[in-house]
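In case you want the letters, here they are:
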Amino acid sequence: MSLQQIDAGMLAKMFLAGAKNLENKKEWINELNVFPVPDGDTGTNMTMTIMSAAREVSGLGEAIDMQGLCKAISGGSLRGARGNSGVILSQLFRGFTRRIKEEELLTIPVLAEAFDKAVETAYKAVMKPKEGTILTVARGAAEKAAELVDDGCTDMEAFLSTVIRHAEYVLSQTPEMLPVLKQAGVVDSGGQGLIAVLSGAFDAFLGKETDLSIKPAGQGASAGGNAKESQMQAESQMEIKFGYCTEFIIMLNKTFNIKTEMDFKAYLESIGDSIVCVADDDIVKVHVHTNDPGLAIQKALKYGALSNMKIDNMRLEHQEKLFKEAESSRKETQAAESRADTPPKDYGFIAVSVGDGINEIFKSLGVDYIIEGGQTMNPSTADILDAVDKVNAKTIFILPNNKNIILAANQAAELSAEKDLLVIPTKTIPQGITAIINFVPELSVDENEANMLNEIGNVCTGQVTYAVRDTVIDDKEIKKGDFMGIGDSGILAVGNDMTAVADDTISKMMKAESELISIYYGSDVTEENAESFRSQVADRYPDCDIELQYGGQPIYYYVMSVE
């Protein structure tokens, strides 16, 4: 006979099973991201969010009561929340646990009310809720739960099964609500993540065998404590399968047709990964991670001469990175000790940034603390709160510099008890730079906020990266390996020539009143090529000031802004 009520012990098992199921499917969920960029991270963000709570739940032991369980789920997920999808998931848990924390046993009506409270809380956390997302899937589940209660449903197994089936149906309809999903041929990735959690929890309810063991914080992202130290510990254990990042250009002297290209890519896949092979008339751009660069070079020489060769030892770079981070952590500890004896200043700044060049730009402009992260790693709410502790100021301005970090920053501001946090919703690095440039110490907090908000609204941003899969977005056909120029609201340019795509991206951002073009070149662009691109832009727009700076950002060859 199946259970008709759920106690704290069963709910804990269901939660852990849901977390594990999401973790097992995170890479698949990552691949559902609409934009085919190499940093799709919805599955990763949701997994790190729920695992932060799962570690707290697994630490409760055998004697679990509903209040303690709810505190672990809500608190752990709120502090560990990363990215928009992770923050929304944490808010769903927050609302759900608020309704059930006083209950000893969960009945069908109580669960229906908890689903409704979860949706209400999550919708309030998002300034402009968009349909066709995780919120829509959650609301569909809540509406079906309420409908079943009205119909007099008394069988818990049937109730849960029907709610999840309906949530899956709503998920399948998300492409009809968001045209961009339909065009890309995917369902909403956040909604799929929620389904993974619900399905895993239902399997535990049914008694299916599930591994509920949760890795300790030292082996994953930390829920509380120092998230950066936890990340460093995890990285130190990370195995780099292919040690050499190898890049070169083949100047063709033989036919290189589609079949030849496919054969060459197949060979590269047999000796490595992270492969980009883009053919254009008489040249081929090649990128591969491999343990034997010589094999890739020997194969390439069969098609022509090589130029622009670059081989980096990623294992050595990784060790150097860990050493620098450890040294930085030591210096931060010393700085914290000295801050204790220093009176707080009126204003402080925290910026999320990636790339040593961009980090230095922010520091030179007065940013007190840099949170390493951005497109490839969204910092958690706990990471932001940890940074707040390191800035000795009464009011701290936070520059997320990424639209997927704003919700986590807002959540940190809500949770901060001792300091006033003000989130300036910068969606890009150029917006963050513009915001702090326009800060005036003599003005009040409100005046500065209004001024910065006004100025970032004048910044148009474009970013050039490469596609990791074939797709169609904004009526643009994109092939794996193509270069893409991504603007503030979609794809601006696509092609197999990086400089041409970057140039086209700028042209799409230009307005009659534009006066300044800023270009930040990434770690995979040489200074010589960047200077050449700058000259090309200057010739095309002689009435504009052109600024070129080294950003050092990974994945994105160029980050550009027009003001």
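Quick caveat: nothing in here was measured; it's all calculated off a predicted structure.

What counts, and at which threshold
Every chain's residues receive numbers from 1 upward, in the order its sequence appears when written. The model is predicted, so local features are restricted to residues of pLDDT at least 70 and side-chain atom pairs to those at 80 or more, both for listing and for counting; the totals for chains, interfaces and linings are taken over all residues. With hydrogens and water excluded, all non-hydrogen atoms of the structure serve as input to the side-chain values. Strand pairing is assigned whenever DSSP detects at least two bridges linking the two strands. Each helix is a run of H or I in the DSSP string that is no shorter than four residues. Each strand is a run of E no shorter than two, and both are numbered from the N terminus. The axes used here are C-alpha line fits, helices contributing only the stretch in contact, and every angle between their N-to-C directions lies in the interval 0 to 180 degrees. Contacts are assigned to residue pairs that have any heavy atoms within 4.5 Å of one another. Confidence of the predictor at the level of single residues is given by pLDDT, which spans 0 to 100. In this scheme the handedness of a crossing depends on how the near helix is turned from the far one: anticlockwise by less than a right angle means left-handed, clockwise means right-handed. Between the first and last residue of a helix there are one fewer steps than residues, each counted as 1.5 Å, and that sum is the expected span. Exposure classes here rest on a 1.4 Å probe applied to the protein chains alone. A residue is buried below 20% of its type maximum, exposed above 50%, and partly exposed in between. Whenever two N or O atoms come within 3.5 Å, that pair is a polar contact, provided that in protein one can donate a hydrogen and the other can accept it, and provided that, for residues adjacent in sequence, both atoms are side-chain atoms. Patch membership requires more than 30% relative accessible area and the absence of a salt bridge. Residues of like charge join within 9 Å; the nonpolar side chains Val, Leu, Ile, Met, Phe, Trp and Tyr join within 5 Å. Per-residue and other accessible areas follow the Shrake-Rupley method at a 1.4 Å probe size, with only the shown protein chains counted as cover for residues. The salt bridge criterion pairs a side-chain nitrogen of Lys or Arg with a carboxyl oxygen of Asp or Glu, the two atoms within 4 Å. Charge counting follows a simple rule: Lys and Arg are positive, Asp and Glu are negative, and His as well as the terminal groups are ignored. The location of each charge is read from NZ of Lys, CZ of Arg, CG of Asp or CD of Glu.

Quick notes on the sheet that holds strand S7 (residues 393-399)
Backbone-to-backbone hydrogen bonds pair the strands of a sheet. The strands run either parallel or antiparallel. What the four strands build is an open sheet, ordered S6-S5-S7-S8; its pairing is parallel. Edge positions in the sheet fall to strand S6 (369-372) and strand S8 (420-423), since each has one partner strand and no second. On average, adjacent strands in this sheet sit at an angle of 25 degrees to one another, irrespective of strand direction. Taken together, the six bridges between strand S5 (residues 345-353) and S7 define a ladder with parallel strand orientation. When the bridges of S7 are listed, Ile 350 appears paired with Ile 398. Here helix H18 (residues 406-415) sits on the sheet and contacts S7 and S8; the angle it forms with S8, its principal contact strand, is near 160 degrees.

Description of the confidence of the model for the chain
Averaged over all residues, the pLDDT of the chain equals 87, while 90% of them reach at least 70. Under a pLDDT of 50 for its full length, residues 218-238 has, in the predicted model, 38 contacts with residues more than four places off or in other chains.

Focus: the packing of helix H7 (residues 134-150) against helix H8 (residues 156-172)
Orientation of H7 relative to H8, taken along the N-to-C sense of each, is 145 degrees, at an axis distance of 8 Å. Judged by the twist between their axes, the crossing of H7 over H8 is right-handed. Across from Thr 136, Val 137, Gly 140, Ala 141, Lys 144, Ala 145 and Leu 148 in H7, the residues of H8 making contact are Phe 159, Thr 162, Val 163, His 166, Ala 167, Val 170 and Leu 171.

A word on the sheet that holds strand S14 (residues 516-521)
Sheet architecture is open: six strands sit in the order S13-S12-S9-S16-S14-S15, paired in mixed fashion. Looking along the sheet, the strands with just one partner apiece sit at the ends: strand S13 (490-495) and strand S15 (545-550). This sheet shows a mean twist of 20 degrees between the axes of neighbouring strands, independent of strand direction. Two strands pair when backbone bridges link them, and strand S9 (residues 460-466) and strand S12 (residues 483-487) are joined in this way by four bridges, in the antiparallel orientation. What sits directly across from Gln 463, in S12, is Ile 486. Here helix H16 (residues 356-364) sits on the sheet and contacts S14 and S15; the angle it forms with S15, its principal contact strand, is near 115 degrees. Most of the contacts of helix H21 (residues 498-509) go to S13, to which it runs at about 145 degrees, and overall it touches S9, S12, S13, S14 and strand S16 (558-562).

Here we look at helix H1 (residues 8-24)
In an α-helix, one turn spans 3.6 residues; hence positions three or four apart end up facing the same way. Look at H1: 24 Å from first C-alpha to last across 17 residues, which is about the 24 Å you get at 1.5 Å a residue. Counting buried residues along H1, 13 of its 17 residues qualify, which places the element largely inside the surrounding structure. N-cap assignment for H1: the residue whose side-chain oxygen lies 3.2 Å from the backbone N of Gly 9 is Asp 7.

Some thoughts on a negative patch on the surface
Where like charges cluster on the molecular surface, the negative patch consists of Glu 513, Glu 515, Asp 545 and Glu 547. Mapped onto the elements, Asp 545 comes out in strand S15.

Here we look at the pattern of salt bridges
If you walk through the whole model with that rule in mind, you get 24 salt bridges. Ionic pairing is found between Glu 247 and Lys 310, a salt bridge with its closest N-O pair at 3.9 Å. Separated by 63 residues along the polypeptide, Glu 247 in strand S1 (residues 244-252) and Lys 310 in strand S4 (residues 304-313) bring together distant segments of the chain. Residue Glu 247 is classed as buried on the basis of its relative accessible area, which comes to 8%. For Lys 310, a relative accessible area of 32% puts it in the partly exposed group. Residues Lys 390 and Asp 386 are paired through a salt bridge, measuring 2.9 Å at the closest nitrogen-oxygen approach. For the pair Lys 390 and Asp 386, one class covers both residues: buried. Sharing partners across several salt bridges, the network here consists of Glu 247, Lys 285, Lys 310 and Asp 312.

A few points about a positive patch on the surface
There is a patch of like positive charges on the surface, built from Lys 128, Lys 130, Lys 403 and Lys 427. Turning to its location among the elements, Lys 403 is positioned in the loop between S7 and H18.

A word on the side chain of Thr 290
Relative to the assigned elements, Thr 290 resides in strand S3 (residues 283-290). Since its relative accessible area comes to 1%, Thr 290 is described here as buried. A distance of 3.1 Å separates the side chain of Thr 290 from the backbone nitrogen of Asp 292, its partner in a polar contact. In contact with Thr 290, other than residues within four places in its own chain, are Phe 242, Gly 243, Tyr 244, Thr 246, Ile 271 and Gly 272.

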